[in-house]
Amino acid sequence: MQNIHVSTYADLEALSLAAARCVIQAAHEAIADHGYFTIALSGGNTPKALYSLLAEEPYTSQIDWSKVEVFWSDERCVPPDSPDSCYRMAYDTLLGKVPLTEQQIHRVPAEQADRDAASQAYTDEMRRVFKTEGTPVFDLILLGMGPEGHTASLFPHQESLKEQVRLVMPVTVPKPPPPRLTFTPPVLNAAKHVLFLVTGKDKAEAVQAVLEGEYNPEEYPAQIVQPSNGDVTWLFDTGAASHLSQKAR
Ligand SMILES: O=C(O)[C@H](O)[C@@H](O)[C@H](O)[C@H](O)COP(=O)(O)O
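Residues numbered from 1 in each chain as written. Predicted model: local features only at pLDDT ≥ 70, side-chain atom pairs only at ≥ 80, totals over all residues. Heavy atoms only, no water.

1. Notes on the overall build of the protein
Counting its secondary structure elements, the protein contains six helices and nine strands. Taking 249 residues into account, the globule formula puts the C-alpha radius of gyration at 18 Å, and the protein, at 17 Å, falls close to it. Once the C-alpha set of the protein is aligned to its principal axes, its extents read approximately 45 × 40 × 35 Å. The buried share of the protein, taken over its 249 residues, is 54%. In the protein, the proportion of contacts linking residues at least 24 apart, taken out of those at least 6 apart, comes to 75%. Accessible surface computed for the protein: about 10,900 Å², of which carbon and sulfur atoms make up 50%. Side-chain charges in the protein split into 20 positive and 32 negative, and the spacing between the mean points of these groups amounts to 1 Å. (Helix = DSSP H or I, 4+ residues; strand = E, 2+ residues; numbered from the N terminus. Rg over C-alpha atoms; globule rule 2.2 N^0.38 Å. Buried < 20%, exposed > 50% of the residue type's maximum accessible area, 1.4 Å probe, protein only. Contact = heavy atoms within 4.5 Å. Areas by Shrake-Rupley, 256 points an atom, 1.4 Å probe, with all protein chains shown as cover. Lys, Arg positive; Asp, Glu negative; His and termini not counted. Charge placed at Lys NZ, Arg CZ, Asp CG, Glu CD.)

2. Points about the side chain of Thr151
Examined against the element boundaries, Thr151 turns out to sit in the loop between β5 (140-143) and β6 (168-172). Of the polar contacts made by the side chain of Thr151, one reaches the backbone oxygen of Gly144; its length is 2.7 Å. The contact partners of Thr151, leaving out residues within four places of it in the chain, are Leu143, Gly144, Phe196, Pro221, Ala222 and Val225. (Polar contact = N/O pair within 3.5 Å; in protein donor to acceptor, adjacent residues only side chain to side chain.)

3. Things to note about helix α1 (residues 12-34)
For α1, built from 23 residues, the straight-helix expectation of 33 Å at 1.5 Å per residue is met to within 8% by its first-to-last C-alpha distance of 32 Å. Residues of α1 that are buried: Leu15, Ser16, Ala18, Ala19, Ala20, Val23, Ile24, Ala26, Ala27 and Ala30. Here the buried face of α1 lies against β1 (3-9), β2 (37-41), α2 (48-54), β5, β8 (193-198) and β9 (231-237). (Expected span 1.5 Å × (residues − 1).)

4. Brief notes about the environment of Thr233
Looking at the secondary structure, you find Thr233 in strand β9. Note on Thr233: relative accessible area 7%, which makes it buried. The spatial distance from the C-alpha of Thr233 to the C-alpha of Pro80 is 29 Å, given a sequence separation of 153 residues. Apart from the residues lying within four places of it in its own chain, the contact partners of Thr233 are His5, His193, Val194, Leu195 and Phe196.

5. Thoughts on the site of the ligand
The environment of the ligand is formed by 15 residues, the closest being Thr46, Asp74, His150, Ala152 and Lys203. With respect to the ligand, the backbone of Asn45 contributes an N or O atom lying 2.7 Å from an oxygen atom. Separating an oxygen atom of the ligand from a backbone N or O atom of Ala152 is a distance of 2.7 Å. For the ligand, the protein covers 93% of the area, taking 410 Å² as the surface of the free molecule. Looking at side-chain class alone, the shell around the ligand contains three nonpolar, seven polar and five charged residues. (Near = heavy atom within 4 Å. Nonpolar A, V, L, I, M, F, W, Y, C, P; charged D, E, K, R; others polar.)

6. Some remarks on the packing of aromatic side chains
The geometry of an aromatic ring pair is captured by the separation of the ring centres together with the interplanar angle, meaning the angle of the planes. Tallied over the full model, the rule gives nine aromatic pairs. Their ring planes at 85° and their centres at 5.4 Å tell us that Phe71 and Phe138 sit as a pair that is edge-to-face. In this pair, Phe71 sits in strand β3 (residues 68-72) while Phe138 sits in the loop between α4 (115-130) and β5, placing the two residues 67 residues apart along the sequence. A residue is classified by how much of its surface remains accessible, and Phe71, at 0% relative accessible area, is buried. For the ring pair Phe130 and Phe138, a centre distance of 4.8 Å and an interplane angle of 65° mean the geometry is edge-to-face. For the pair shown, Phe130 and Phe138 are each scored as buried. The rings of Phe71, Tyr122, Phe130, Phe138 and Phe183 are connected pair by pair, giving a single aromatic cluster. Here the basic side chain of Arg107 rests over the ring of Tyr87, its NZ or CZ set 5.7 Å away from the ring centre. (Phe/Tyr/Trp six-rings, centres within 6.5 Å; stacked < 30°, edge-to-face > 60°. Lys NZ or Arg CZ within 6 Å of the ring centre and 35° of its normal.)

In structure tokens form, the structure reads like this:
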């Protein structure tokens, strides 16, 4: 059974502070439960402030970084030093500033020309770290949402929305840069906790449709995220939440 939590904050700064507290709590719970913390990061602009906070006091020393394994829920097919790389963004804001070893940072090899092979390689890497032949159960997956309801690189009306076998797959999406590798619905829905960070008035309509509209994931892919044994937390700024009914905020 999934629990859904929704909170609205005055601005990105307040939302990022709340997100940092969620990440720290998820890390504590995971490490107490099984000794390590698996997190999948998201790209986009919204999580930059969160990543910067996690690299600073008083937050950074609240995480035992030696017990963290870092993955990504999607990646753009660019070299890792590209300004468009989700890996580079996370490295510059967080990963390069905290005591993580290279072995703990599991970058998507999205720059490889053979994108099917890269997707399989990332699947194999997840299964190796999670010691499973099946679907890895992430302690925490961070996600954003676009103004048309996409999440990770699952966009409206794309084949990826129906994928049930592959865990990672290549896609070509309308948001530049178009070629991406993305987690598929089975990985998102196996997670223990999914944390969405969503800001901006341009997303208000999609936020309202995803949370309060009819189930139509072809149109609003973020609706697909319903972990069977996990929680979903939505953190909004006032702009993104502005079309939600009062009781939902
Ligand atoms: O583009 C990416 O790397 C992400 O996959 C994408 O899903 C992102 O999280 C949303 O588009 C929100 O992006 P913003 O945070 O920039 O609005």
